[in-house]
Amino acid sequence: MPEQKRVRRTPEQIAAAIDAQIEALEGAMQETEQKKAAAIAEFDHKAAVLRGRIAALQEKKKAALGPKQRKKRKTKAEKIQELVRQAQKSGLKLDEIAEKLGVPAAS
């Protein structure tokens, strides 16, 4: 078997091969960075949606635990006083109001 000598590469060839490897690795690194950015954006979106749901549930909880604002009911006397005030604002005097109600006017 004839002995084959190993072909020696020049330093320029070695440097070119290394540059090709570096370019391939940089391309792979850019792809990885793009995937990372897409994944981060997706997780940020999911986190924002969950924060919104949590806020809505907290508002619901607050509404459930807080006292409900009820409209105050007016008593019969308060309703009558309000009617008399409205009649006075419209220009009627107490005697005229009593006359329309069919009640003798108080002196």
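Residues numbered from 1 in each chain as written. Predicted model: local features only at pLDDT ≥ 70, side-chain atom pairs only at ≥ 80, totals over all residues. Heavy atoms only, no water.

(A) Structural view of the overall build of the chain. Across its full length, the chain holds three helices and zero strands. For the chain, the succession of helices and strands along the chain, N to C, is α-α-α. Taking 107 residues into account, the globule formula puts the C-alpha radius of gyration at 13 Å, and the chain, at 45 Å, lies well above it. Counting the 107 residues in the chain, one finds 3% classified as buried. In the form shown here, the chain has an accessible surface area of approximately 11000 Å², with 58% of it arising from carbon and sulfur atoms. A gap of 15 Å separates the mean positions of the 24 positive and 15 negative side-chain charges of the chain. (Helix = DSSP H or I, 4+ residues; strand = E, 2+ residues; numbered from the N terminus. Rg over C-alpha atoms; globule rule 2.2 N^0.38 Å. Buried < 20%, exposed > 50% of the residue type's maximum accessible area, 1.4 Å probe, protein only. Areas by Shrake-Rupley, 256 points an atom, 1.4 Å probe, with all protein chains shown as cover. Lys, Arg positive; Asp, Glu negative; His and termini not counted. Charge placed at Lys NZ, Arg CZ, Asp CG, Glu CD.)

(B) Summary view of the pattern of salt bridges. Tallying each qualifying case throughout the model produces two salt bridges. Across the salt bridge formed by Lys46 and Glu42, the nearest N and O atoms sit 3.4 Å from each other. Of the two residues, Lys46 and Glu42 are both situated in helix α1 (residues 11-65); the distance of four residues between them amounts to about one turn of the helix. By relative accessible area, Lys46 is classed as partly exposed at 43%. When its relative accessible area of 44% is taken as the criterion, Glu42 is described as partly exposed. Where Glu82 meets Lys74, a salt bridge forms, and the shortest distance between an N and an O atom there is 2.4 Å. (Salt bridge = Lys/Arg side-chain N within 4 Å of Asp/Glu carboxyl O.)

(C) The arrangement of helix α2 (residues 76-89) in detail. Across its 14 residues, α2 extends 20 Å between first and last C-alpha, which sits within 8% of the 20 Å expected from 1.5 Å per residue. Positioned one or two residues after α2, Gly91 has a phi angle of 105°, which is positive. (Expected span 1.5 Å × (residues − 1).)

(D) Expanded view of the environment of Ala77. You can see Ala77 is positioned in helix α2. Using a relative accessible area of 48% as the deciding quantity, one classes Ala77 as partly exposed. Each C-alpha atom, one on Ala77 and one on Ala17, is 101 Å from the other, the two residues being 60 residues apart in sequence.

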